[in-house]
Amino acid sequence: MKAEPLLSLEHISMTFFNQDGVLPVLDDISFSLQQGEIGALLGPSGCGKSTILNILSGLLAPTGGTINRQGTIGYMFQRDHLLDWRTIYDNVCIGLEIQHLQNSDLHQQKIERLLRTYGLWEFRKRYPTELSGGMRQRAALIRTLAVDPDILLLDEPFSALDSQTRLTVSEDICNIIRQEKKTTLLVTHDISEAISFADTIYTLSKRPAKIRTTYHIQLTTEQPHTPLNARKAPEFQKYFNIIWEEMMQDASHS
């Protein structure tokens, strides 16, 4: 018997109303994620990908449809939003401070484990300006994981990085997510990133967005399944070509 999904959206629609009139953004969006699954929303800029994340996080209420969510949400934005006047350790503790859990021995042990496991323990007393972009993103993810969310929402978390750093950081972040076994939804407009990072890809049309196609990614890779290993898989280029052609068809009708 198949387990209930940790997250599911059923017939979600979203329309914004402003002084210029009515702006339909999402149209009948339905998908689900199982425990530990990494999903990706892939689509053109402005199609409503981030709107879906804002609905899932509770920042927006959909115009129609239902959301079934088991557990709590952690949200990682495009930029790390680390506070320059706080050390890395103090930045990582922000979520716990908000929940008044910063003095809990259990949570302190979790933060130490995360910092040690993912290579930031020796930098815990440094300030964000002293760290590379990749290390800052790792710190931002650890800050999100510190409050132990059940579901991670990643809103183009590598878009502010140059191409070489972007691939290295996506490798780090993917490794952390898979080791922590977190159910994750990644928003991106980068086809290669989606294929190499996710277990399942949902492609979105232009606004008002519909889900065009669902791809269950199956790659013959070395273990572990990471973005760098995924790009070496013989199936990688096939997926890329199919999705690229789909995205170009949508662009040609815009």
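It should be noted that the structure appears before, not after, this text.
Reading the values: the criteria
Residues numbered from 1 in each chain as written. Predicted model: local features only at pLDDT ≥ 70, side-chain atom pairs only at ≥ 80, totals over all residues. Heavy atoms only, no water. Helix = DSSP H or I, 4+ residues; strand = E, 2+ residues; numbered from the N terminus. Rg over C-alpha atoms; globule rule 2.2 N^0.38 Å. Buried < 20%, exposed > 50% of the residue type's maximum accessible area, 1.4 Å probe, protein only. Contact = heavy atoms within 4.5 Å. Areas by Shrake-Rupley, 256 points an atom, 1.4 Å probe, with all protein chains shown as cover. Phe/Tyr/Trp six-rings, centres within 6.5 Å; stacked < 30°, edge-to-face > 60°. Salt bridge = Lys/Arg side-chain N within 4 Å of Asp/Glu carboxyl O. Pairing = 2+ DSSP bridges. Axes fitted to C-alpha atoms, helices over the stretch in contact; angles between N-to-C directions. Expected span 1.5 Å × (residues − 1). Polar contact = N/O pair within 3.5 Å; in protein donor to acceptor, adjacent residues only side chain to side chain. Core = buried A, V, L, I, M, F, W, Y, C linked by side-chain atoms within 4.5 Å.

Undergrad: Which parts of the structure should I look at to understand the overall build of the chain?
TA: Each helix and strand counted, the chain has 9 helices and 9 strands in total. Over its C-alpha trace the chain gives a radius of gyration of 19 Å, about what one expects of a compact globule, namely 18 Å for 254 residues. Each principal axis of the C-alpha distribution contributes one length, and for the chain these read about 50 × 45 × 45 Å. Taking all 254 residues of the chain together, 48% fall into the buried category. The contacts in the chain between residues at least 6 apart in sequence include a share of 70% that link residues at least 24 apart. Approximately 12,600 Å² of the chain is accessible, and the part contributed by carbon and sulfur atoms is 50%.

Undergrad: How do you make sense of unusual backbone geometry when you look at a structure like this?
TA: Peptide bonds are mostly trans, and most non-glycine residues show a negative phi. Residue proline 208 is bonded to the preceding arginine 207 through a cis peptide linkage, with omega at -5°. Within the secondary structure, proline 208 sits in the loop between strand 8 (200-204) and strand 9 (211-216). One non-glycine residue, histidine 81, adopts positive backbone phi at about 55°. By the secondary structure assignment, histidine 81 is in the loop between strand 5 (73-76) and helix 2 (88-92).

Undergrad: Even after reading the chapter, I still don't get the packing of aromatic side chains, so can you show me in this structure?
TA: The relation between two aromatic rings is expressed through the spacing of the ring centres and the mutual angle of the planes. Per the stated rule, a full pass over the model turns up 4 aromatic pairs. Geometrically, the ring pair formed by phenylalanine 240 and tryptophan 244 is stacked, given 6.1 Å between the ring centres and 10° between the ring planes. One end of the pair, phenylalanine 240, and the other, tryptophan 244, are both in helix 9 (residues 236-252), 4 residues apart, so they sit about a helical turn from each other. Among the residues examined, tryptophan 244 registers a relative accessible area of 43% and is labelled partly exposed.

Undergrad: Hey, could you run me through the pattern of salt bridges in this one?
TA: Working definition: two side chains of opposite charge can pair if their charged atoms are close together. Tallied over the full model, the rule gives 12 salt bridges. In this structure, aspartate 80 and arginine 136 form a salt bridge, with 2.8 Å as the shortest nitrogen-oxygen distance. Note that aspartate 80 is positioned in the loop between strand 5 and helix 2 and arginine 136 in helix 5 (residues 133-145), a separation of 56 residues in sequence. As far as the burial class goes, aspartate 80 and arginine 136 line up, both buried.

Undergrad: Would you mind showing me how to read the sheet that holds strand 3 (residues 38-42) here?
TA: Sheets are built from strands that pair by backbone hydrogen bonding, the pairs being arranged parallel or antiparallel. Overall, mixed pairing links the 6 strands, which are arranged 5-6-7-3-8-9 in an open sheet. Of all strands in the sheet, those with a lone pairing partner are strand 5 and strand 9, marking the two edges. Each adjacent strand pair in this sheet contributes to an overall mean axis angle of 15°, direction not counted. Taken together, the 4 bridges between strand 5 and strand 6 (residues 151-155) define a ladder with parallel strand orientation. Note that in strand 6 the partner of isoleucine 73 across the bridge is isoleucine 151.

Undergrad: I tried to follow helix 5 on my own but got confused; where do I start?
TA: In an α-helix, one turn spans 3.6 residues, which is why side chains three or four residues apart end up on the same side. When the terminal C-alpha atoms of helix 5 are compared, their 18 Å separation across 13 residues agrees well with the 18 Å that a helix rising 1.5 Å per residue should span. Taken together, the buried positions of helix 5 are Gly134, Met135, Arg136, Gln137, Arg138, Ala139, Ala140, Leu141, Ile142, Arg143, Thr144 and Leu145. If you follow the buried residues of helix 5, they end up packed against strand 5, helix 2, helix 4 (105-117), strand 6 and helix 6 (163-180).

Undergrad: Hey, could you run me through the environment of glutamate 193 in this one?
TA: Its place among the elements puts glutamate 193 in helix 7 (residues 191-197). Taking the C-alpha atoms as reference points, glutamate 193 and phenylalanine 158, separated by 35 residues in sequence, lie 9.6 Å from one another. Residues in contact with glutamate 193, not counting those within four places in the same chain, are Phe158, Arg166, Leu186, Thr188 and Arg231. Looking at glutamate 193, its side chain comes within polar contact range of the side chain of arginine 166, at 2.8 Å.

Undergrad: When you look at the nonpolar core in this model, what are you seeing that I'm missing?
TA: Within the largest apolar cluster, 49 residues are counted, with the highest numbers of intra-cluster contacts made by Ile195, Phe197 and Ile201. For this core, the elements supplying multiple residues, two or more each, are strand 3, helix 2, helix 4, helix 5, strand 6, helix 6, helix 7 and helix 9. Broken down by element, this core gets its largest block of residues, 6 residues, from helix 5. In this structure, Val25, Tyr75, Leu153 and Leu204 belong to the second largest nonpolar core, which totals 24 residues.

Read these as layout, nothing more, since geometry by itself doesn't imply function.
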